[in-house]
Amino acid sequence: MTFINNGRFEKFPNKVWLASPTMHDGAEMKYVKEAYDTNWMSTVGANINEVEKVAAEKSGVKYAVALSCCTAALHLCVKFAGEKLYGKPEIGHGAVEGKRVFCSDMTFDATLNPVVYEGGIPVFIDTERDSWNMDPVALEKAFEMYPEVKLVVSAELYGFSGDIKKIKEICEKHGALLIEDAAEAMGATWDGKQCGSYGDYAAVSYNGNKIITGSSGGCLLTNDLEVANKARKWSTQAREAAAWYQHEEVGYNYRMSNVIAGVIRGQYDYLEEHIAQKKVVYERYKKGLKDLPIQMNPFDEKRCEPNYWLSALIIDKDAMCKQVRSGTEAIYIPEKEKSCPTEILEAISSINAEGRPIWKPMHMQPMYRMNEFVTVSGSGRAKTNAYIEGGIEDVGADIFQRGVCLPSDNKMTAEQQDRIIEVIKACFE
Ligand SMILES: *Cc1c(COP(=O)(O)O)cnc(C)c1O
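Keep in mind that what you see is a predicted model, and the values were worked out from it rather than measured.

1. Some details on the sheet that holds strand β6 (residues 189-190)
The antiparallel open sheet is built from three strands, whose spatial order is β7-β6-β11. Edge strands, defined here as strands with exactly one partner in the open sheet, are β7 (193-194) and β11 (304-305). The pairing of β6 with β11 spans two bridges and is antiparallel. When the bridges of β11 are listed, W190 appears paired with C304.

2. A closer look at the domain arrangement of the chain
The domain architecture assigned to the chain consists of domain 1 (27-270) and domain 2 (271-364 + 377-427). Inter-centroid distance (C-alpha atoms) of domain 1 to domain 2 is 27 Å. Carbon and sulfur atoms make up 60% of the area that domain 1 and domain 2 hide from each other, which totals about 3500 Å². Interface area lost by domain 1 to domain 2 is led by W132, Y158 and F160, which between them contribute 24%. At the junction of domain 1 with domain 2, the criterion picks out five salt bridges. We note a salt bridge from R303 to D163, for which the minimum N-O separation is 3.5 Å. In this assembly, domain 1 and domain 2 are joined by 24 residue pairs in polar contact (both at pLDDT 80 or more). At the level of secondary structure, the elements contributing two or more residues to the side of domain 1 that touches domain 2 comprise α5 (136-145), β6 and α8 (258-268). Across the side of domain 1 that touches domain 2, the residue classes tally to 17 nonpolar, 11 polar and 14 charged.

3. What about the packing of helix α10 (residues 341-350) against helix α12 (residues 414-427)?
Contact geometry for α10 and α12: axes closest at 9 Å, N-to-C directions at 140 degrees. Compared by their axis directions, α10 and α12 come out oblique. You can see that α10 and α12 cross each other, and the crossing is right-handed. Mapping the contact onto sequence places E343, I344, A347 and I348 in α10 and I420, V423, I424 and C427 in α12. For the contact of α10 with α12, a count of residues per class yields seven nonpolar, no polar and one charged.

4. Let's talk about the confidence of the model for the chain
Per-residue pLDDT for the chain averages 95, and the proportion of residues at 70 or more is 96%. Between residues 384-389, whose pLDDT stays under 50, and residues either more than four places distant or in other chains, the model counts 17 contacts.

5. Points about the site of the ligand
As a matter of local geometry, the ligand sits amid 14 residues, with T71, D181, E184, S205 and K210 nearest to it. Within the side chain of K210, a nitrogen or oxygen atom sits 3.3 Å from an oxygen atom of the ligand. Compared with its free state, where it exposes 390 Å², the ligand has 93% of that area covered by protein. Per-class residue counts for the shell around the ligand are five nonpolar, six polar and three charged.

6. Comments concerning the nonpolar core
Grouped together as the largest cluster of nonpolar side chains are 99 residues, with contacts concentrated most on F102, Y206, L289, L313, I420 and I424. Broken down by element, this core gets its largest block of residues, six residues, from α12. When residues of this core are sorted by domain, at least three fall in each of domain 1 (27-270) and domain 2 (271-364 + 377-427). Not counting chain neighbours up to four residues away, the residues in contact with F102 comprise V123, I125, M134, L139, A142, F143, Y146, V149, L151, V152 and V153. Membership of the second largest hydrophobic core comes to 35 residues, among which are L67, C77, L151 and Y368.

7. A short note on the sheet that holds strand β10 (residues 294-296)
With respect to topology, four strands assemble into an open sheet ordered β10-β12-β18-β15, the strand pairing being antiparallel. Edge positions in the sheet fall to β10 and β15 (356-357), since each of these pairs with one other strand and no more. Judged from the two bridges that link them, β15 and strand β18 (residues 403-405) form a sheet pairing that is antiparallel. Each bridged residue has a counterpart across the sheet, and for P357 the counterpart in β18 is V404. Of the strands in this sheet, β12 (312-315), β15 and β18 touch α10, which is tilted by about 25 degrees from β18.

8. Considering the packing of aromatic side chains
Under the criterion given, the structure shown has 15 aromatic pairs. Among the aromatic side chains, those forming a connected cluster through ring pairs are F108, Y158, W309 and W359. Here K99 stacks its cationic end above the ring of Y86, 4.6 Å away from the centre of that ring. Above the ring of Y198, the side-chain terminus of K193 is found at 4.7 Å from the ring centroid.

Basis of the calculations
- What you see as residue numbers is a count from 1 along each chain, following the sequence as written.
- A pLDDT threshold of at least 70 governs which residues receive local features in this predicted model, and a stricter bar of 80 or more applies before side-chain atom pairs are shown or counted, although totals over entire chains, interfaces and linings include all residues.
- Heavy atoms from the whole structure form the basis of all side-chain values; hydrogens and water molecules are not counted.
- Strands are labelled as partners when DSSP assigns at least two bridges between them.
- Helix numbers and strand numbers start at the N terminus; a helix is a DSSP run of H or I with at least 4 residues, a strand a run of E with at least 2.
- Segment limits for the domains were obtained from an automatic or database-derived domain assignment.
- For any pair of parts, buried area is found by adding up, for both, the accessible area (1.4 Å probe) each one loses once the two are put together.
- Each reported salt bridge corresponds to a side-chain nitrogen of Lys or Arg within 4 Å of a carboxyl oxygen of Asp or Glu.
- Under this definition, polar contacts are N or O atom pairs within 3.5 Å; protein pairs additionally need one hydrogen-donor-capable and one acceptor-capable atom, and for neighbouring residues in sequence, both atoms have to be side-chain atoms.
- Charged residues are taken to be Asp, Glu, Lys and Arg, nonpolar residues to be Ala, Val, Leu, Ile, Met, Phe, Trp, Tyr, Cys and Pro, and polar residues to be all remaining types, Gly included.
- Orientation is described by lines fitted to C-alpha atoms, with helices fitted over the stretch in contact, and by angles between N-to-C directions that extend from 0 to 180 degrees.
- Oblique is the label for any angle not covered by the other classes, which are roughly parallel (under 35 degrees), roughly antiparallel (over 145) and roughly perpendicular (65 to 115).
- Note: crossing handedness is left-handed where the near helix turns anticlockwise from the far helix by less than a right angle, and right-handed where it turns clockwise.
- Throughout, a residue-residue contact means that at least one pair of heavy atoms, one from each residue, lies within 4.5 Å.
- pLDDT is defined as a per-residue confidence score from the predictor, taking values between 0 and 100.
- Throughout this document, a residue counts as near a molecule or strand when at least one of its heavy atoms sits within 4 Å of that molecule or strand.
- Exposure was quantified through the Shrake-Rupley algorithm and a 1.4 Å probe, taking into account, for residues, occlusion by the shown protein chains and nothing else.
- Definition used in this section: a nonpolar core is a set of buried Ala, Val, Leu, Ile, Met, Phe, Trp, Tyr and Cys residues joined via side-chain atoms within 4.5 Å.
- Only protein chains enter the accessibility calculation, which uses a 1.4 Å probe; a residue whose area is less than 20% of its type maximum is buried, one above 50% is exposed, and one in between is partly exposed.
- Here the aromatic set is Phe, Tyr and Trp, taking the six-membered ring for Trp, and pairing holds for ring centres within 6.5 Å; pairs whose planes are under 30 degrees apart are stacked, those over 60 apart are edge-to-face, and all others are tilted.
- Criterion for a charge above a ring: Arg CZ or Lys NZ at most 6 Å from the ring centre, at most 35 degrees from the ring normal.

Now the structure itself:
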């Protein structure tokens, strides 16, 4: 089964990407060249210092530590939280060894991989329908079930924050720490406060497809000077102050390169511009698709100011044609006036543009089939590619079944986007 284009919609000669890097005519090269010309081709240098300063300012925290990627930042966050909660682990043990950690379910697996690196056991918290973020009600429920849990890792999805303030309050009520994965949400706010400033520890990403990029890179965000200094130490192999290499604890090679920091330094001046462009993309989709049985990414317009990183849609239940997915493949049965993510993705791809399914929820991933999953209405073992049996409402699986991420590149022209809108409309004919 494939979407039959038949030449009705012309193919773009150059691919329209989901989200690709946007450079600015040498603004980034200037700092990269400075690193080169001054020979700071290293993991120390002026670009790194400047990125840390700007990242902290823009995120509304006191300190930022520049690292090789956001996953590395999240890893150190888990180590800090684990040591604070459970004490320093013995060498060879993880910082959250054998402990349950409540984690976002509908997210990129990098959100929780570091929990597993440190021996933790992710318990997945279902997704809120009105925000596509961690559901505070399900989180409360999880604390009722496991009052001993002391760590929560929550990510903001696609740059549209849910009630992260409430998540933090629930954590505080239960004496738990919050790690905020703001990888996708740089520049977005909740109640006027930056995403990345709610967690006890937080992280942002400069991966190639994020709202600004260094090709790679990330920052750990914190208000605690001791944490910032220690993150700098851990990320440079945990060397003690001595003439020789003296080691009292395990270290990592996680520091950001000064060359990459040059790119990021140049990009920060364009963060607001990129957000404005992404907002235009979102609003053009919203307007262009308004007569279809779909909704765009939902958010609370009074409290959330998104960065609009990825525009996504969800098809109304009664406008879904039959779609079945295995672990690696999908098929569907086309139906008049109905569609499904697989058909829309094929249609978009037929004109040389890139869409993507919604993040497949972690509780549906084969590697987490034995982990627990807590929803508003109940809990159970996670299962592979299936709704949990027994009538428990599984919001994440439902959004995954009906949702699609749309081409959201900020360099996409209005004409290109109009053609994408037309091809999506054709799916519902
Ligand atoms: C991109 C992303 C990450 C990982 O960022 P890297 O810098 O590539 O390590 C983590 N969490 C989420 C939610 C992401 O989207």
